[in-house]
Amino acid sequence: SQQGEEDPQALSIQEGENATMNCSYKTSINNLQWYRQNSGRGLVHLILIRSNEREKHSGRLRVTLDTSKKSSSLLITASRAADTASYFCATADRLTQGGSEKLVFGKGTKLTVNP
Amino acid sequence: DSGVTQTPKHLITATGQRVTLRCSPRSGDLSVYWYQQSLDQGLQFLIQYYNGEERAKGNILERFSAQQFPDLHSELNLSSLELGDSALYFCASSVTPSGLREQFFGPGTRLTVL
């Protein structure tokens with residue numbers, strides 16, 4: 001099954017700087033999703049990028065997808081202390097032929113934004 | 001607030017016991033997913049229900065079971081608990097049965113097995 005692997009595992013930056021997180025996966029995908037998780041809380045969906053899209057923006061977030069390299073990146077511009085969280089990429093793994101899919105999450109990048 | 005609710009928030013119990021975790025999906029969502037998050041295994045998909053029926057199974061142990069009721073709330077039952085079952089359990093919901101759409105996560109239940 002395919003799995004997103006985030007890189008780096010941890011990232012510490014100063015407020016106002018940009019943060020870039022990368023995700024690599026193993027097989028072809030329909031879409032790739034990014035989620036954020038504040039410590040010990042539920043995941044929050046950030047953005048979904050389809051396999052035929054190369055770039056997508058949402059506010060201060062910019063996601064790119066390179067299907068030839070099987071990789072995606074999440075850029076957070078002008079970071080704030082409130083962006084401190086873990087960020088996960090997720091890809092859909094088809095369970096059965098004609099059946100449902102499950103989201104497979106990587107282990108995440110822990111981002112710390114220092115004020 | 002995602003609109004997904006989970007109870008209880010915290011649960012402390014002993015090995016060998018049985019517990020039930022409850023989830024109410026967002027209004028209008030028919031699909032419910034259960035995940036387990038632990039430090040060593042990361043976020044693991046357990047099981048999915050859609051409109052009352054089991055739709056997909058992941059890494060769910062035989063000691064665990066789930067169901068979705070006619071009002072669409074779901075329960076995850078964990079029995080013969082072991083220390084290794086200590087984890088955060090999340091419920092998520094989505095409008096379609098397809099895992100390709102975004103999912104909305106509840107706040108989680110933190111289970112501690114002593």
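Residues numbered from 1 in each chain as written. Chains lettered and ligands numbered in written order. Predicted model: local features only at pLDDT ≥ 70, side-chain atom pairs only at ≥ 80, totals over all residues. Heavy atoms only, no water.

Quick notes on the overall build of chain B
Right, on to step 1. Helix and strand content of chain B: 0 helices and 11 strands.
Right, on to step 2. A principal-axis box enclosing the C-alpha atoms of chain B has dimensions of 35 × 30 × 25 Å.
Right, on to step 3. When each of the 114 residues of chain B is scored for burial, the buried share is 52%.
Right, on to step 4. The long-range share in chain B, meaning contacts at least 24 apart out of those at least 6 apart in sequence, stands at 56%.
Right, on to step 5. Of the roughly 5300 Å² of accessible surface on chain B, a fraction of 48% belongs to carbon and sulfur atoms. (Helix = DSSP H or I, 4+ residues; strand = E, 2+ residues; numbered from the N terminus. Buried < 20%, exposed > 50% of the residue type's maximum accessible area, 1.4 Å probe, protein only. Contact = heavy atoms within 4.5 Å. Areas by Shrake-Rupley, 256 points an atom, 1.4 Å probe, with all protein chains shown as cover.)

Some details on the sheet that holds strand S7 (residues 61-66) of chain A
Residues and elements named next belong to chain A.
Right, on to step 1. The 5 strands lie next to each other as S1-S3-S8-S7-S6, forming an open sheet whose pairing is antiparallel. Because the sheet does not close on itself, it has two edges, and the strands there are strand S1 (5-7) and strand S6 (55-58). Across this sheet, the average inter-strand angle for adjacent strands is 20 degrees, counted without regard to direction.
Right, on to step 2. Pairing geometry for strand S3 (residues 19-24) and strand S8 (residues 71-76), over 6 bridges, is antiparallel. Bridge pairing in S8 places Ser-24 opposite Ser-71. (Pairing = 2+ DSSP bridges. Axes fitted to C-alpha atoms, helices over the stretch in contact; angles between N-to-C directions.)

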